[in-house]
Amino acid sequence: MFPFEPLLAVFAISVVAMAATWELQRRTNNAGYVDVVWAALMGGAAIFYSAVGAGTSAPRLLVAMLGGIWGFRLSLHLLARVLHEAEDGRYRFLREHWGGSQLKFFGFFMLQAVMTTIFSLPFLVAASNSMSRLGLCAVAAVAVWLFSICGESIADSQLARFRTNPCNKGKTCRDGLWRYSRHPNYFFEWLHWFSYVLLSIGSPWWWLSLAGPILMGVSLMWLTGIPFTEAQSLRSRGEDYRRYQQETSVFFPWFPKKAETRDS
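Numbering of residues begins from 1 in every chain and follows the order in which that chain's sequence is written. Restriction of local features to residues with pLDDT of at least 70 applies here, the model being predicted, together with a cutoff of 80 or more for giving and counting side-chain atom pairs; totals for whole chains, interfaces and linings are based on all residues. Side-chain metrics rest on all non-hydrogen atoms present in the structure, leaving aside hydrogens and water.

(A) Broad picture of the environment of L61. Position of L61 among the secondary structure elements: in helix α3 (residues 57-84). Note: C-alpha distance between L61 and Y49 (12 residues apart in sequence) is 10.0 Å. Strands are runs of DSSP state E lasting at least two residues, helices are runs of H or I lasting at least four, and both sets are numbered from the N terminus onward.

Structural data, given as C-alpha coordinates:
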(Lines give C-alpha, C1' and ligand atoms only; values in the text may rest on other atoms or scores of the structure.)
Protein backbone atom coordinates (compact mmCIF):
# COMPACT_ATOMS: atom_id res chain seq x y z
CA MET A 1 0.00 0.00 0.00
CA PHE A 2 1.31 3.43 -0.91
CA PRO A 3 2.55 5.40 2.16
CA PHE A 4 0.28 8.47 2.27
CA GLU A 5 1.13 9.46 5.86
CA PRO A 6 4.42 11.21 4.98
CA LEU A 7 2.59 13.23 2.29
CA LEU A 8 0.03 14.39 4.84
CA ALA A 9 2.81 15.41 7.21
CA VAL A 10 4.52 17.45 4.49
CA PHE A 11 1.20 19.09 3.62
CA ALA A 12 0.55 20.08 7.25
CA ILE A 13 4.04 21.53 7.66
CA SER A 14 3.73 23.36 4.34
CA VAL A 15 0.40 24.95 5.34
CA VAL A 16 1.93 26.32 8.55
CA ALA A 17 5.09 27.51 6.78
CA MET A 18 3.16 29.20 3.98
CA ALA A 19 0.80 30.89 6.45
CA ALA A 20 3.85 32.34 8.23
CA THR A 21 5.33 33.37 4.86
CA TRP A 22 2.07 35.09 3.92
CA GLU A 23 2.32 37.12 7.15
CA LEU A 24 5.95 37.99 6.29
CA GLN A 25 4.78 39.07 2.83
CA ARG A 26 2.07 41.22 4.39
CA ARG A 27 4.59 42.98 6.61
CA THR A 28 7.29 43.45 3.95
CA ASN A 29 5.02 43.92 0.90
CA ASN A 30 7.20 41.40 -0.95
CA ALA A 31 5.59 38.16 -2.13
CA GLY A 32 8.90 36.83 -3.46
CA TYR A 33 9.42 35.03 -0.15
CA VAL A 34 6.91 32.41 -1.32
CA ASP A 35 9.45 31.06 -3.83
CA VAL A 36 12.21 30.99 -1.21
CA VAL A 37 10.09 29.01 1.23
CA TRP A 38 8.69 26.69 -1.46
CA ALA A 39 12.20 25.64 -2.49
CA ALA A 40 13.28 25.18 1.15
CA LEU A 41 10.19 23.07 1.86
CA MET A 42 11.00 20.89 -1.13
CA GLY A 43 14.55 20.34 0.11
CA GLY A 44 13.23 19.58 3.59
CA ALA A 45 10.64 17.15 2.17
CA ALA A 46 13.38 15.20 0.38
CA ILE A 47 15.33 14.81 3.63
CA PHE A 48 12.18 13.93 5.59
CA TYR A 49 11.11 11.25 3.12
CA SER A 50 14.59 9.76 3.14
CA ALA A 51 14.37 9.46 6.93
CA VAL A 52 10.92 7.82 7.05
CA GLY A 53 10.86 6.09 3.65
CA ALA A 54 10.37 2.33 3.46
CA GLY A 55 13.02 1.84 0.78
CA THR A 56 16.56 0.58 1.09
CA SER A 57 19.40 2.82 2.19
CA ALA A 58 20.86 3.61 -1.26
CA PRO A 59 17.82 5.34 -2.83
CA ARG A 60 16.93 7.06 0.46
CA LEU A 61 20.42 8.49 0.82
CA LEU A 62 20.43 9.71 -2.79
CA VAL A 63 17.01 11.34 -2.36
CA ALA A 64 18.25 13.21 0.71
CA MET A 65 21.41 14.35 -1.04
CA LEU A 66 20.02 15.23 -4.47
CA GLY A 67 16.67 16.67 -3.39
CA GLY A 68 18.09 18.41 -0.35
CA ILE A 69 20.99 20.09 -2.13
CA TRP A 70 18.75 21.11 -5.05
CA GLY A 71 16.05 22.60 -2.82
CA PHE A 72 18.28 24.52 -0.44
CA ARG A 73 20.59 25.78 -3.22
CA LEU A 74 17.58 27.17 -5.04
CA SER A 75 16.15 28.63 -1.84
CA LEU A 76 19.37 30.49 -0.99
CA HIS A 77 19.71 31.76 -4.56
CA LEU A 78 16.16 33.14 -4.46
CA LEU A 79 16.64 34.59 -0.99
CA ALA A 80 19.63 36.61 -2.18
CA ARG A 81 17.45 38.15 -4.88
CA VAL A 82 14.51 38.85 -2.57
CA LEU A 83 16.71 40.56 0.02
CA HIS A 84 18.56 42.78 -2.45
CA GLU A 85 15.95 43.55 -5.10
CA ALA A 86 12.47 45.02 -5.25
CA GLU A 87 9.48 42.69 -5.39
CA ASP A 88 9.45 40.59 -8.56
CA GLY A 89 7.39 42.16 -11.34
CA ARG A 90 5.13 39.11 -11.52
CA TYR A 91 3.99 39.64 -7.94
CA ARG A 92 3.71 43.39 -8.35
CA PHE A 93 1.36 42.69 -11.25
CA LEU A 94 -0.73 40.31 -9.12
CA ARG A 95 -0.82 42.86 -6.31
CA GLU A 96 -2.19 45.48 -8.69
CA HIS A 97 -4.48 43.01 -10.48
CA TRP A 98 -5.98 41.84 -7.17
CA GLY A 99 -6.24 45.36 -5.81
CA GLY A 100 -3.89 44.48 -2.96
CA SER A 101 -6.31 41.82 -1.64
CA GLN A 102 -4.53 39.93 1.14
CA LEU A 103 -7.25 37.27 1.08
CA LYS A 104 -6.34 36.38 -2.51
CA PHE A 105 -2.66 36.36 -1.63
CA PHE A 106 -3.42 34.02 1.27
CA GLY A 107 -5.22 31.67 -1.12
CA PHE A 108 -2.22 31.84 -3.45
CA PHE A 109 0.15 30.94 -0.63
CA MET A 110 -2.06 28.02 0.44
CA LEU A 111 -2.01 26.81 -3.14
CA GLN A 112 1.78 26.70 -2.88
CA ALA A 113 1.42 24.38 0.14
CA VAL A 114 -0.66 22.05 -2.01
CA MET A 115 1.88 22.27 -4.83
CA THR A 116 4.72 21.47 -2.41
CA THR A 117 2.94 18.26 -1.43
CA ILE A 118 2.25 17.23 -5.02
CA PHE A 119 5.71 18.09 -6.34
CA SER A 120 7.38 16.25 -3.46
CA LEU A 121 5.72 12.99 -4.54
CA PRO A 122 8.72 11.83 -6.68
CA PHE A 123 10.96 12.13 -3.61
CA LEU A 124 8.65 9.84 -1.64
CA VAL A 125 8.40 7.28 -4.44
CA ALA A 126 12.18 7.11 -4.82
CA ALA A 127 12.66 6.89 -1.04
CA SER A 128 10.23 3.93 -1.02
CA ASN A 129 12.23 1.96 -3.60
CA SER A 130 13.13 -1.40 -2.05
CA MET A 131 15.64 -2.42 -4.72
CA SER A 132 18.85 -3.40 -2.97
CA ARG A 133 21.06 -2.35 -5.89
CA LEU A 134 20.19 0.51 -8.22
CA GLY A 135 23.21 0.09 -10.47
CA LEU A 136 23.07 2.02 -13.73
CA CYS A 137 19.84 3.78 -12.75
CA ALA A 138 21.55 5.39 -9.78
CA VAL A 139 24.55 6.40 -11.88
CA ALA A 140 22.27 7.87 -14.55
CA ALA A 141 20.23 9.71 -11.90
CA VAL A 142 23.31 11.34 -10.41
CA ALA A 143 24.62 12.23 -13.89
CA VAL A 144 21.33 13.88 -14.88
CA TRP A 145 21.23 15.72 -11.55
CA LEU A 146 24.79 17.01 -11.85
CA PHE A 147 24.27 18.15 -15.44
CA SER A 148 21.01 19.90 -14.51
CA ILE A 149 22.29 21.62 -11.37
CA CYS A 150 25.43 22.81 -13.14
CA GLY A 151 23.38 24.13 -16.07
CA GLU A 152 20.90 25.91 -13.80
CA SER A 153 23.69 27.40 -11.68
CA ILE A 154 25.53 28.67 -14.77
CA ALA A 155 22.33 30.21 -16.17
CA ASP A 156 21.57 31.89 -12.83
CA SER A 157 25.13 33.23 -12.61
CA GLN A 158 25.10 34.58 -16.15
CA LEU A 159 21.78 36.37 -15.57
CA ALA A 160 22.91 37.79 -12.21
CA ARG A 161 26.13 39.12 -13.75
CA PHE A 162 24.16 40.73 -16.58
CA ARG A 163 21.65 42.35 -14.21
CA THR A 164 24.34 43.85 -11.95
CA ASN A 165 25.75 45.88 -14.83
CA PRO A 166 23.88 49.23 -14.87
CA CYS A 167 24.58 49.56 -18.60
CA ASN A 168 22.20 46.64 -19.20
CA LYS A 169 19.16 48.31 -17.63
CA GLY A 170 16.15 47.82 -19.91
CA LYS A 171 18.02 45.27 -22.05
CA THR A 172 17.56 41.51 -22.45
CA CYS A 173 20.26 39.06 -21.39
CA ARG A 174 21.69 37.14 -24.36
CA ASP A 175 24.86 35.99 -22.63
CA GLY A 176 25.94 32.36 -22.54
CA LEU A 177 23.06 29.92 -22.20
CA TRP A 178 20.55 32.75 -22.59
CA ARG A 179 21.56 32.98 -26.25
CA TYR A 180 20.15 29.49 -26.87
CA SER A 181 17.05 29.52 -24.66
CA ARG A 182 14.88 32.29 -23.28
CA HIS A 183 14.57 30.28 -20.06
CA PRO A 184 17.62 28.01 -19.63
CA ASN A 185 17.17 28.04 -15.84
CA TYR A 186 13.65 26.68 -16.27
CA PHE A 187 14.87 24.05 -18.74
CA PHE A 188 17.49 22.67 -16.36
CA GLU A 189 15.02 22.90 -13.48
CA TRP A 190 12.63 20.67 -15.46
CA LEU A 191 15.39 18.29 -16.57
CA HIS A 192 16.53 17.72 -12.99
CA TRP A 193 13.23 15.98 -12.11
CA PHE A 194 14.14 13.00 -14.28
CA SER A 195 16.76 12.14 -11.65
CA TYR A 196 14.00 10.95 -9.32
CA VAL A 197 12.27 9.00 -12.08
CA LEU A 198 15.50 7.06 -12.55
CA LEU A 199 15.86 6.52 -8.80
CA SER A 200 12.28 5.18 -8.67
CA ILE A 201 12.75 2.46 -11.27
CA GLY A 202 12.11 -0.84 -9.52
CA SER A 203 9.46 0.56 -7.19
CA PRO A 204 5.85 -0.63 -7.80
CA TRP A 205 4.83 3.04 -7.82
CA TRP A 206 7.65 4.27 -10.07
CA TRP A 207 5.14 5.77 -12.52
CA LEU A 208 4.07 8.29 -9.86
CA SER A 209 7.54 9.81 -10.07
CA LEU A 210 6.64 11.03 -13.57
CA ALA A 211 4.51 13.63 -11.80
CA GLY A 212 7.74 15.61 -11.30
CA PRO A 213 8.77 16.30 -14.91
CA ILE A 214 5.17 16.31 -16.20
CA LEU A 215 3.76 18.77 -13.66
CA MET A 216 6.87 20.93 -13.67
CA GLY A 217 6.79 21.07 -17.48
CA VAL A 218 3.12 22.06 -17.51
CA SER A 219 3.65 24.62 -14.76
CA LEU A 220 6.68 26.22 -16.41
CA MET A 221 5.35 26.21 -19.96
CA TRP A 222 1.71 27.18 -19.47
CA LEU A 223 0.92 28.22 -15.90
CA THR A 224 3.17 30.05 -13.41
CA GLY A 225 6.53 30.08 -15.19
CA ILE A 226 7.05 31.27 -18.74
CA PRO A 227 3.69 33.07 -19.30
CA PHE A 228 4.12 35.31 -16.23
CA THR A 229 7.83 35.88 -16.80
CA GLU A 230 7.47 36.77 -20.46
CA ALA A 231 4.49 39.05 -19.83
CA GLN A 232 6.57 40.96 -17.29
CA SER A 233 9.56 41.06 -19.66
CA LEU A 234 7.42 42.53 -22.41
CA ARG A 235 6.12 45.18 -20.02
CA SER A 236 9.62 46.14 -18.86
CA ARG A 237 11.70 45.66 -22.04
CA GLY A 238 9.19 46.01 -24.86
CA GLU A 239 10.56 45.77 -28.39
CA ASP A 240 13.94 44.42 -27.31
CA TYR A 241 12.26 41.42 -25.71
CA ARG A 242 9.94 40.90 -28.69
CA ARG A 243 13.02 40.66 -30.88
CA TYR A 244 14.53 38.22 -28.40
CA GLN A 245 11.37 36.10 -28.65
CA GLN A 246 11.75 35.94 -32.43
CA GLU A 247 15.42 35.00 -32.24
CA THR A 248 15.57 32.55 -29.36
CA SER A 249 14.01 29.19 -28.50
CA VAL A 250 11.47 29.53 -25.73
CA PHE A 251 12.51 26.51 -23.64
CA PHE A 252 14.70 23.82 -25.18
CA PRO A 253 18.18 25.21 -25.97
CA TRP A 254 18.73 25.64 -29.71
CA PHE A 255 20.70 27.81 -32.07
CA PRO A 256 19.30 31.34 -32.39
CA LYS A 257 17.74 32.57 -35.59
CA LYS A 258 17.58 36.02 -37.09
CA ALA A 259 14.60 38.12 -36.09
CA GLU A 260 12.04 38.91 -38.75
CA THR A 261 12.51 42.39 -40.16
CA ARG A 262 9.55 44.70 -40.45
CA ASP A 263 8.81 46.78 -43.49
CA SER A 264 9.34 50.45 -42.91
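(B) Main features of a nonpolar patch on the surface. A grouping of F11, L111, V114, I118, I214, L215, V218, W222 and L223 is seen on the molecular surface, where their side chains present a nonpolar patch of about 790 Å² in accessible area. Among the elements of the structure, α5 (102-119) and α10 (211-223) are those that each provide at least two residues to the nonpolar patch. At five residues, α10 tops the list of elements feeding residues into the nonpolar patch. Mapped onto the fold, L111 is located in helix α5. The patches reported here contain residues having more than 30% relative accessible area and no salt bridge. Joining distances are 9 Å for like charges and 5 Å for nonpolar side chains (Val, Leu, Ile, Met, Phe, Trp, Tyr). Computed by Shrake-Rupley with a 1.4 Å probe, the accessible areas treat only the displayed protein chains as cover when residues are assessed. We define a salt bridge as a contact between a side-chain nitrogen of Lys or Arg and a carboxyl oxygen of Asp or Glu at a distance within 4 Å.

(C) Molecular detail of the packing of aromatic side chains. Planes of paired rings set the category: under 30 degrees apart is stacked, over 60 is edge-to-face and the rest tilted, where pairs are Phe, Tyr or Trp rings (Trp by its six-membered ring) whose centres lie within 6.5 Å. Applying the stated criterion across every chain yields a total of 28 aromatic pairs. Ring geometry for F123 versus W193: centroids 5.5 Å apart, planes at 20°, classification stacked. A residue pair is termed long-range when its members are at least 10 positions apart, and F123 in helix α6 (residues 121-127) and W193 in the loop between α8 (184-192) and α9 (194-200) qualify at 70 residues. The rule is simple: take the accessible area with a 1.4 Å probe, protein chains only, and divide by the maximum for that residue type; under 20% is buried, over 50% is exposed, in between is partly exposed. Here W193 falls in the buried class, since its relative accessible area comes to 0%. Between F187 and F188, the aromatic rings sit 5.1 Å apart at their centres with planes inclined by 70°, giving edge-to-face as the arrangement. Across the pair, F188 and F187 agree in class, each one buried. By way of ring pairs, the aromatic residues F147, F187, F188, W190, F194, F251 and F252 are connected into one cluster.

(D) Fine view of the pattern of salt bridges. Enumeration according to the criterion identifies 13 salt bridges in this entry. Among the ionic pairs, D35 bridges to R90, the shortest N-O distance being 3.6 Å. Of the two residues, D35 is situated in helix α2 (residues 33-52) and R90 in helix α4 (residues 89-97); the sequence distance between them amounts to 55 residues. Residues R73 and D156 are paired through a salt bridge, measuring 3.3 Å at the closest nitrogen-oxygen approach. Taken together, the residues span a long stretch of sequence, with R73 in helix α3 and D156 in helix α7 (residues 136-164) at a distance of 83 residues. In this structure D156 comes out as buried when scored by relative accessible area, which is 8%.

(E) Structural view of the packing of α4 against helix α11 (residues 226-247). For the pair α4 and α11, the least separation of the axes is 9 Å and the interaxial angle reads 90°. When the axis of α4 is compared with that of α11, the two are roughly perpendicular. For the pair formed by α4 and α11, the contact residues are G89, R90, R92, F93 and L94 on the first element and F228, T229, Q232 and R235 on the second. Gly counts as polar in this scheme, as do all residues outside two lists: the nonpolar Ala, Val, Leu, Ile, Met, Phe, Trp, Tyr, Cys and Pro, and the charged Asp, Glu, Lys and Arg. Of the residues contributing to the contact of α4 with α11, the split by class is three nonpolar, three polar and three charged. Angles shown run from 0 to 180 degrees and are taken between the N-to-C directions of axes, each axis being a line fitted to C-alpha atoms and, for helices, limited to the stretch in contact. Each angle gets one of four labels, with under 35 degrees taken as roughly parallel, over 145 as roughly antiparallel, 65 to 115 as roughly perpendicular, and the rest as oblique. Here, residues are in contact when the closest pair of their heavy atoms is within 4.5 Å.

(F) Representation of the nonpolar core in the model. Grouping buried Ala, Val, Leu, Ile, Met, Phe, Trp, Tyr and Cys residues that are joined through side-chain atoms within 4.5 Å yields what is termed a nonpolar core. One finds W70 and F123 to be the most contacted residues of the largest nonpolar core, which totals 54 residues. The dominant element in this core, judged by the number of residues it contributes, is α2, at 10 residues. When near neighbours in sequence (up to four residues on either side) are disregarded, F123 contacts M42, A46, Y49, V63, G67, W70, W193 and Y196. Ranked by size, the runner-up nonpolar core spans seven residues in total, among them A155, L159, F162 and W178.

(G) Structural view of unusual backbone geometry. Notably, N29 is not glycine yet its phi reads approximately 60°, a positive angle. Along the chain, N29 turns up in the loop between α1 (5-28) and α2. Here N29 falls in the partly exposed class, since its relative accessible area comes to 45%.

(H) Summary view of the side chain of E152. With respect to the helices and strands, E152 occurs in helix α7. Apart from the residues lying within four places of it in its own chain, the contact partners of E152 are W70, R73, L74, N185, F188 and E189.

(I) Looking closely at α10. Over its 13 residues, α10 runs only 16 Å from end to end, short of the ideal 18 Å by more than 12%, given 1.5 Å per residue. What α10 keeps buried is the set G212, P213, M216, G217, S219 and L220. The buried side chains of α10 occupy one side of the element, clustering within an arc of 165° when seen end-on. Turned more than 90 degrees away from the buried face of α10 sit I214 and W222, all of them exposed. Elements in contact with the buried residues of α10: α2, α5, α6, α8, α9 and α11. Each helix should span, by expectation, one fewer than its residue count multiplied by 1.5 Å. When we speak of the arc, we mean the arc of directions from the helix axis to the C-beta atoms.

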